[in-house]
Every structure is written in C-alpha cells, then in structure tokens.
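Chain residues, written in single-letter form:
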Amino acid sequence: MGQVDRLGRWYAALGPLIAMHARIADGLSDLRDPKGIGHPFWASAAATLALGSTAALVFGLISAAL
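Predicted model, so just to flag it, every value in this text is computed and none were measured.

1. A short note on helix α1 (residues 16–32)
A rise of 1.5 Å per residue sets the reference length of α1, with its 17 residues, at 24 Å; its end C-alpha atoms lie 26 Å apart and thus fit the reference within 8%. Turning to α1, its buried residues are Ala19, His21, Ala22, Ala25, Asp26 and Ser29. When α1 is viewed along its axis, its buried side chains cluster within an angular range of 155° and face the same direction. Turned more than 90 degrees away from the buried face of α1, the exposed residues are Pro16, Leu17 and Leu31. Against α2 (41–65) lie the buried residues of α1.

In structure tokens:
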C-alpha cells in the first residue's frame with residue numbers, strides 16, 4: 001500500500017522534491033502534536049529551510065571542488 005501525507009496526498013503521486021518536503025514537514029509536525037491533522041506552517045517553513053540549506057551546502061561544495 002502507498003503512504004499518504006498529512007494533507008491527503010499520495011507520496012507516490014508527488015515529485016521527489018515535493019515528497020521529501022512533505023515527509024520532513026510531517027516528521028516535524030509529529031514533534032509537537034503526533035495526532036494532529038495537516039502540518040503547520042512552521043513545519044513547512046522548517047522543511048523548506050532544511051532543503052534549501054542542504055542544496056546550498058551541496059552547491060558550495062561542488063563549486064569549491066571545481
């Protein structure tokens with residue numbers, strides 16, 4: 001069976017970056033309210049910040065290596 005995020009979307013139907021964002025935001029939402037529905041804005045913002053900082057770090061490492 002497939003898995004569904006807190007907003008009711010199938011992970012398999014999402015793009016890889018959006019699915020990763022949804023999984024991170026769902027995981028962060030569980031820290032405060034494990035039985036809540038939907039992920040709050042702060043969890044979505046933190047997931048975006050985590051993905052953006054990881055992308056910037058990888059970009060920086062690759063550009064430093066070249």
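2. Points about the packing of aromatic side chains
If you walk through the whole model with that rule in mind, you get zero aromatic pairs. A cation over an aromatic ring shows up here: Arg23 above the ring of Tyr11, its NZ or CZ 3.9 Å from the ring centre.

3. Notes on a nonpolar patch on the surface
Nonpolar side chains collect at one region of the surface, where Val58, Ile62 and Leu66 lie side by side and expose about 350 Å² of accessible area between them. Within the secondary structure, Ile62 is located in helix α2.

4. A look at the environment of Asp30
As for its placement among the helices and strands, Asp30 is situated in helix α1. With relative accessibility at 36%, the residue Asp30 sits in the partly exposed group. Considered as a pair, Asp30 and Ala43 are 13 residues apart in the sequence and their alpha carbons are 9.4 Å apart.

5. A look at α2
With 25 residues, α2 should reach 36 Å at 1.5 Å per residue; the first-to-last C-alpha distance of 36 Å fits that figure. Turning to α2, its buried residues number three or more, namely Ala43, Ala47 and Leu51. Buried residues along α2 sit against α1.

6. Concerning the environment of Ala45
Following the sequence through the fold, Ala45 ends up in helix α2. Note on Ala45: relative accessible area 35%, which makes it partly exposed. Through-space distance from the C-alpha of Ala45 to that of His21 is 9.7 Å; in sequence the pair is 24 residues apart.

7. Side note on the packing of α1 against α2
Across the interface, α1 lies against α2 with an axial gap of 8 Å and an inter-helix angle of 130°. When the interaxial angle is binned, α1 and α2 end up oblique. Once α1 is placed against α2, the crossing between them reads as right-handed. Between α1 and α2, the contacting residues are Leu17, Met20, His21, Ile24, Ala25, Leu28, Ser29 and Arg32 on the first element and Trp42, Ala43, Ser44, Ala46, Ala47, Thr48 and Leu51 on the second. Its residues assigned to classes, the contact of α1 with α2 shows 10 nonpolar, four polar and one charged.

How each quantity is defined
- Residues numbered from 1 in each chain as written.
- Predicted model: local features only at pLDDT ≥ 70, side-chain atom pairs only at ≥ 80, totals over all residues.
- Heavy atoms only, no water.
- Helix = DSSP H or I, 4+ residues; strand = E, 2+ residues; numbered from the N terminus.
- Expected span 1.5 Å × (residues − 1).
- Buried < 20%, exposed > 50% of the residue type's maximum accessible area, 1.4 Å probe, protein only.
- Arc of directions from axis to C-beta.
- Contact = heavy atoms within 4.5 Å.
- Phe/Tyr/Trp six-rings, centres within 6.5 Å; stacked < 30°, edge-to-face > 60°.
- Lys NZ or Arg CZ within 6 Å of the ring centre and 35° of its normal.
- Patch = residues over 30% accessible without salt bridge, like charges linked within 9 Å, V, L, I, M, F, W, Y side chains within 5 Å.
- Areas by Shrake-Rupley, 256 points an atom, 1.4 Å probe, with all protein chains shown as cover.
- Salt bridge = Lys/Arg side-chain N within 4 Å of Asp/Glu carboxyl O.
- Axes fitted to C-alpha atoms, helices over the stretch in contact; angles between N-to-C directions.
- Parallel < 35°, antiparallel > 145°, perpendicular 65-115°, else oblique.
- Left-handed = near helix turned anticlockwise from the far one by under 90°.
- Nonpolar A, V, L, I, M, F, W, Y, C, P; charged D, E, K, R; others polar.

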